[in-house]
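Here are the chains, one letter per residue:
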Amino acid sequence: MQRSNTYIILFSIALTVVLGGLLSLASVGLKPAQQKQIELDTKKKILGAVMDISSYEDPNALLALYDEKVESIVVDIEGNLVETDEKGNPIVAEKVNIQKNYRFDPEERVYPVYKFKGEGGKVDAYIFPMFGAGLWDWISGYLALDKDLNTIRGVAFDHKQETPGLGARITTDVIQGRYVGKEIFNDQNELVSVSMVKGEGNPGLTEHQVDGMSGATLTGKGVNEMFENYLGAYLAYINKVKSDNKLALK
Amino acid sequence: MSTEAAEATEVQKAPAEPLLSKRRRKIMSDPLNEDNPITVQVLGICSALAITIKMEPTLVMSIAVIAVIVFANLIISLLRNLIPGRVRIIVQLAVIATLVTLVSEILKAYYFDMYKVLGAFVGLIITNCIVMGRLEAFAMGNKPYDSILDGLGSGFGYAWIILVVAFFRELFGSGSIFDFKVFAALGWENFPTNGLMVDSIGAFMVLGILIWVQRSKTGYVEH
């Protein structure tokens, strides 16, 4: 059946309004639940980089543990504490959007640091969020360093759409476990970062190398670049904490 | 709802057709086997390969596809006399896209872990030819209730195939079913998992074997 152009245009407008309205309603209505999920996910990843959290099924218990164990600050590339954003509002580390920050020049970004407190409230590990490009889209990660700020305690990676079974393996315990115990500084105290090598099952890896993922060399490269970029950016802060610790020891 | 309204008018016109008459049962059962969207029509292969590594995401994906296809069929069938023929494909696409976005938003709000696993593939239901194929081939010319049955049939036809593929891929690729370590539970701790099954190539193979088995049973030949 042929219809007039007016009918078609009116029909399209009506359809667009109805469907658009429906989607906006859903988006607004589901936003609080989604934000809570994202917050929980962030905190899970931060804790997951230093400890095994698989025994915490209840989200509220996890959030309580986070509040008890983690203290967060925000620093700039020079390692100085940042307390307010450009509008003068207090800045909260958990709310800092690493992805948004990634678009700025490294000098203009703010860098959250999460301090994981062990027994007696002493800092036991430092957790640094990172962000970079994988093969298809972004990848991100949390790197936990022991209190010597050299040995890797653990990592937790995330990605948007690396290939399942290949690059997406960076989120598995097997791959993340390979980073544990590796070191980011060499004996001369120079930052060398940690890099994933090409191929899988490589013999004779140094303390700065981890075994790669077969079929996902480019994702591995993305992870390496992310480490280099962000460890470089956190270097000033790391050195500052190290010298503070030395002073405290004297 | 509106399906009942459609039923009522139908009753007035002709002697009432049973709710699950032979014709309607055929609408439902055809896509499960003889006219299966994946194995016979060979549609929706992309997602069938991508998300069948494990059972759980596959199940969520199946439910999402069934929901989208049933509701899209219903909506298009209700609007079928209003939709201008010249823009019908765009209208169908808009309806599908809206439903898929809703599913994706709901997953994000209440099932975040699964949302992360499925990621782009929920959004890609929009481009799943099965959904659009059913709208164009069936819902545009049939009553709402029949369209719902057709949607259920095609949805389940898609679902059972990808669930079977996922069953074998997870069993041999990860040695588990729904993340339950089957072989470890049977006392075979170091079951050698097959890396091929985790890869999409494994899905092609399982799917190929399925199609072979099915076609040798139904006697279907490509024309």
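Just so we're clear, the structure is a prediction, and the values are computed from it rather than from any experiment. Once a new chain begins, its residue numbering starts again from 1 and follows that chain's sequence as written. Key to labels: chains lettered from A, ligands numbered from 1, both in the order written. For a predicted model such as this one, the threshold for reporting local features is a pLDDT of at least 70, and the threshold for listing and counting side-chain atom pairs is 80 or more; totals across whole chains, interfaces and linings nevertheless cover every residue. Side-chain metrics rest on all non-hydrogen atoms present in the structure, leaving aside hydrogens and water.

1. Points about the overall build of chain A
Line of reasoning, step 1. A tally of helices and strands in chain A yields 5 helices and 7 strands.
Line of reasoning, step 2. Labels follow the DSSP assignment, with helices taken as runs of H or I lasting at least four residues and strands as runs of E lasting at least two, numbered in each case from the N terminus. Along the chain direction, N to C, the helices and strands of chain A fall in the order α-α-β-α-β-β-β-β-α-β-β-α.
Line of reasoning, step 3. Across its three principal axes, chain A shows a C-alpha extent of roughly 85 × 45 × 40 Å.
Line of reasoning, step 4. Remark: exposure states derive from per-residue accessible area (1.4 Å probe, protein chains only) relative to the maximum for the residue type, with buried under 20%, exposed over 50%, and partly exposed in between. Every one of the 250 residues in chain A was classed for burial, and the buried ones make up 43%.
Line of reasoning, step 5. In this analysis, two residues are considered to be in contact whenever any of their non-hydrogen atoms come within 4.5 Å of each other. Restricting to contacts in chain A with at least 6 residues of sequence separation, those with at least 24 account for 51%.
Line of reasoning, step 6. A 1.4 Å probe and the Shrake-Rupley method give the accessible areas. Residues count as covered only by the protein chains that appear here. As displayed, chain A has an accessible area near 13500 Å², and 53% of this comes from carbon and sulfur atoms.
Line of reasoning, step 7. Charge counting treats Lys and Arg as positive and Asp and Glu as negative, with His and both chain ends excluded. For the purpose of locating charges, the reference atoms are NZ of Lys, CZ of Arg, CG of Asp and CD of Glu. Between the mean site of the 27 positive side-chain charges and the mean site of the 34 negative ones, chain A shows a separation of 4 Å.

2. Some points on the overall build of chain B
Line of reasoning, step 1. Looking only at helices and strands, one finds 12 helices and 2 strands in chain B.
Line of reasoning, step 2. Taken along the three principal axes of its C-alpha coordinates, chain B extends 65 × 45 × 30 Å.
Line of reasoning, step 3. Per-residue burial for chain B yields a buried fraction of 49% across its 223 residues.
Line of reasoning, step 4. Considering only intrachain contacts with a sequence separation of at least 6, the fraction spanning at least 24 residues in chain B is 75%.
Line of reasoning, step 5. As displayed, chain B has an accessible area near 10900 Å², and 69% of this comes from carbon and sulfur atoms.
Line of reasoning, step 6. Treating the 18 positive side-chain charges of chain B as one cloud and the 18 negative ones as another, the clouds have centres 5 Å apart.

3. Digging into the sheet that holds strand β1 (residues 70-75) of chain A
Sheet strands pair via backbone hydrogen bonds, and the direction of the pair is either parallel or antiparallel.
Residue and element names in this part refer to chain A.
Line of reasoning, step 1. With respect to topology, 5 strands assemble into an open sheet ordered β1-β2-β3-β4-β5, the strand pairing being antiparallel. Two strands bound the open sheet, and with one partner strand each, they are β1 and β5 (152-159). Strand-to-strand twist of the sheet, defined as the mean angle between neighbouring strand axes without regard to direction, takes the value 20 degrees.
Line of reasoning, step 2. Here, a strand pair is defined by DSSP locating no fewer than two bridges between the strands. The pairing of strand β2 (residues 111-117) with strand β3 (residues 123-133) spans 4 bridges and is antiparallel. Angular values range over 0 to 180 degrees, each being the angle between N-to-C directions of two axes fitted as lines to C-alpha atoms, with helices fitted over their stretch in contact.

4. Considerations on the interface of chain A and chain B
Line of reasoning, step 1. Residue-level contacts link 24 residues of chain A with 27 residues of chain B.
Line of reasoning, step 2. Using a 1.4 Å probe, buried area is obtained as the accessible area two parts lose upon being combined, added over both of them. Interface area for chain A against chain B, summed over the two sides, is near 2200 Å², with a carbon-plus-sulfur share of 64%.
Line of reasoning, step 3. Residue A:Lys44 is joined to B:Asp113 by a salt bridge in which the shortest nitrogen-to-oxygen separation is 3.9 Å.
Line of reasoning, step 4. In the analysis that follows, any N or O atom pair within 3.5 Å is treated as a polar contact, provided that within protein one partner can donate a hydrogen and the other can accept it, and provided that, for residues neighboring in sequence, both atoms belong to side chains. Where chain A packs against chain B, one counts 6 residue pairs in polar contact (both at pLDDT 80 or more).
Line of reasoning, step 5. For the side of chain A that touches chain B, the element with the highest residue contribution is helix α1 (residues 5-48) of chain A, accounting for 17 residues.
Line of reasoning, step 6. Gly is placed with the polar residues, together with every amino acid not listed as nonpolar (Ala, Val, Leu, Ile, Met, Phe, Trp, Tyr, Cys and Pro) or charged (Asp, Glu, Lys and Arg). When grouped by side-chain class, the residues that make up the side of chain A that touches chain B number 13 nonpolar, 7 polar and 4 charged. Salt bridges are counted wherever a side-chain nitrogen of Lys or Arg sits within 4 Å of a carboxyl oxygen of Asp or Glu.

5. Digging into unusual backbone geometry
Residues and elements named next belong to chain A.
Line of reasoning, step 1. Backbone geometry at Leu149 places phi at a positive 55 degrees, although glycine is not the residue there.
Line of reasoning, step 2. For Leu149, the position within the fold is in the loop between β4 (138-146) and β5.
Line of reasoning, step 3. Owing to a relative accessible area of 0%, Leu149 belongs among the buried residues under this scheme.
Line of reasoning, step 4. At Ser193, a position not held by glycine, the phi torsion is positive, near 60 degrees.
Line of reasoning, step 5. With respect to the helices, strands and loops of the structure, Ser193 is situated in the loop between α4 (173-177) and β6 (195-196).
Line of reasoning, step 6. Residue class for Ser193 comes out buried when judged on its relative accessible area of 4%.

6. Details of the UniProt feature "transmembrane region" (unreviewed entry) in chain B
Line of reasoning, step 1. UniProt positions are given in the numbering used here, feature names are shortened, and annotations may be inferred rather than shown by experiment. According to UniProt, the "transmembrane region" (unreviewed entry) feature falls on residues 59-79, 91-111, 117-135, 147-168 and 196-213 of chain B.
Line of reasoning, step 2. The span residues 147-168 of chain B shows a helical share of 100% and a strand share of 0%, and its end C-alpha atoms are spaced 32 Å apart.

7. Some details on the pairing of β4(A)
Residues and elements named next belong to chain A.
Line of reasoning, step 1. Extensive coverage of β4 is indicated by the burial of 8 of its 9 residues.
Line of reasoning, step 2. Note: β3 against β4, 9 bridges, orientation antiparallel. Its bridge partner being in β4, Phe128 is matched across the sheet by Leu143.
Line of reasoning, step 3. Following β3, the chain reverses through 4 residues before pairing antiparallel with β4.
Line of reasoning, step 4. Summarising the sheet, β4 and β5 pair through 7 bridges and their orientation is antiparallel. When the bridges of β5 are listed, Leu143 appears paired with Val155.
Line of reasoning, step 5. Turn length for the β4-β5 hairpin, with the two strands adjacent in sequence and antiparallel, is 5 residues, and the turn residue Leu149 shows positive phi of about 55 degrees.

8. Examining the environment of A:Ile91
Line of reasoning, step 1. In this fold, A:Ile91 is placed in the loop between β1 and α3 (98-102).
Line of reasoning, step 2. Every residue in contact with A:Ile91, bar those within four places of it in the chain, is listed here: A:Val74, A:Val82, A:Glu83, A:Thr84, A:Asp85, A:Val96 and A:Val110.

9. A closer look at the confidence of the model for chain B
Residue and element names in this part refer to chain B.
Line of reasoning, step 1. For chain B, mean pLDDT is 83; residues scoring 70 or higher make up 92% of the total.
Line of reasoning, step 2. Scored from 0 to 100, pLDDT reflects the predictor's confidence in each residue. Per-element mean pLDDT across chain B ranges from 48 in helix α1 (residues 2-13) up to 92 in helix α4 (residues 55-79).
Line of reasoning, step 3. Scoring the predicted complex yields pTM 0.75 and, for the interface, ipTM 0.74.

10. Structural notes on helix α9 (residues 144-173) of chain B
Since one α-helical turn is 3.6 residues long, residues separated by three or four positions face the same way.
All names here are of chain B.
Line of reasoning, step 1. Compared with an ideal rise of 1.5 Å per residue, which puts 30 residues at 44 Å, α9 spans 42 Å between its outermost C-alpha atoms and is within 8% of the ideal.
Line of reasoning, step 2. Counting buried positions along α9 gives 22 out of 30 residues, so the element sits mostly inside the fold.
Line of reasoning, step 3. Positive backbone phi, at 65 degrees, marks Gly175, one or two positions downstream of α9. Every helix has an expected span of 1.5 Å times one less than the residues it contains.

11. What to know about the UniProt feature "transmembrane region" (unreviewed entry) in chain A
Line of reasoning, step 1. According to UniProt, the positions carrying the feature "transmembrane region" (unreviewed entry) are residues 7-30 of chain A.
Line of reasoning, step 2. Regarding residues 7-30 of chain A, the helix share stands at 100% and the strand share at 0%, and the terminal C-alpha atoms are separated by 34 Å.

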